[in-house]
Amino acid sequence: MISKKAKYALKALKVLAQSYEKGPLLISHIAESEKIPKKFLEAILLELRNHGILQSQKGKGGGYYLRVPPSEVTFAKIIRIVDGPIAPALCVSLHFYGKCDDCADEEACQLRTVLAKWRDANLSVLEKTTLEELI
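Below you will find a few notes about this structure. (Residues numbered from 1 in each chain as written. Predicted model: local features only at pLDDT ≥ 70, side-chain atom pairs only at ≥ 80, totals over all residues. Heavy atoms only, no water.)

1. Details of the packing of aromatic side chains
By convention here, two paired aromatic rings are described through the distance between centres and the angle between planes. This structure, assessed with the given rule, holds one aromatic pair. When the centroid spacing of 5.6 Å and the interplanar angle of 80° are considered together, the rings of Tyr8 and Phe40 count as edge-to-face. You can see Tyr8 sitting in helix α1 (residues 4-18) and its partner Phe40 sitting in helix α3 (residues 38-50), a full 32 residues away along the chain. (Phe/Tyr/Trp six-rings, centres within 6.5 Å; stacked < 30°, edge-to-face > 60°. Helix = DSSP H or I, 4+ residues; strand = E, 2+ residues; numbered from the N terminus.)

Dropping the structure here:
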C-alpha cells in the first residue's frame, strides 16, 4: 500500500500537471481542491522541489509549478521520492538494495524469487504510468 503522503503527492501533482506551463499555483489552491492538509502539503511539495520535480516562485503570483513535462514524471519516481523503495523487501529493491538479516544465502532464497516477481509486476505499471495519464 502506498502511504497517505504518496497519495497526496500524486493528487497535488495531478493539479500541477493540469496547469503545466500556465504559471505557478498557490499551495492553498492545491490543498483546497484536493482536500489535503496545507501544512502536510507544504512539506510534500518542498520534498518534490528538492528532488527536481517542482519549481517554486516567491512573491505575488508565486507558488509551485512542474519543472518537467507531465509525460516525464512517472508514478514510480514519485513513490520512490516520497515513500522510498517500491519493492516488497530490500533484497529485491533496484534503487534501495539491502541485505536481509535473516537470510543465509540470497541466491538460494526461494522467497526472494517471488518477491522479485512481485516487484517487477508493480514496476511494470508504475514505471509506465505518468502524470500525463492523470490529466
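Structure's up, so let's keep going.
2. Focus: the packing of α1 against α3
The N-to-C vectors of α1 and α3 enclose an angle of 75°; their axes lie 10 Å apart at closest approach. On the basis of their axis angle, the class for α1 and α3 is roughly perpendicular. Contacts from Lys5, Tyr8, Ala9, Ala12, Leu13 and Leu16 in α1 reach Phe40, Leu41, Ile44, Leu45, Glu47 and Leu48 in α3. For the contact of α1 with α3, the per-class residue count stands at 10 nonpolar, no polar and two charged. (Axes fitted to C-alpha atoms, helices over the stretch in contact; angles between N-to-C directions. Parallel < 35°, antiparallel > 145°, perpendicular 65-115°, else oblique. Contact = heavy atoms within 4.5 Å. Nonpolar A, V, L, I, M, F, W, Y, C, P; charged D, E, K, R; others polar.)

3. Focus: the pattern of salt bridges
With the rule as written, the count across this model stands at six salt bridges. For the salt bridge of Lys39 with Glu42, the shortest nitrogen-to-oxygen distance reads 3.7 Å. Of the two residues, Lys39 and Glu42 are both situated in helix α3; the distance of three residues between them amounts to about one turn of the helix. Assessed through its relative accessible area of 26%, Glu42 is described here as partly exposed. (Salt bridge = Lys/Arg side-chain N within 4 Å of Asp/Glu carboxyl O. Buried < 20%, exposed > 50% of the residue type's maximum accessible area, 1.4 Å probe, protein only.)

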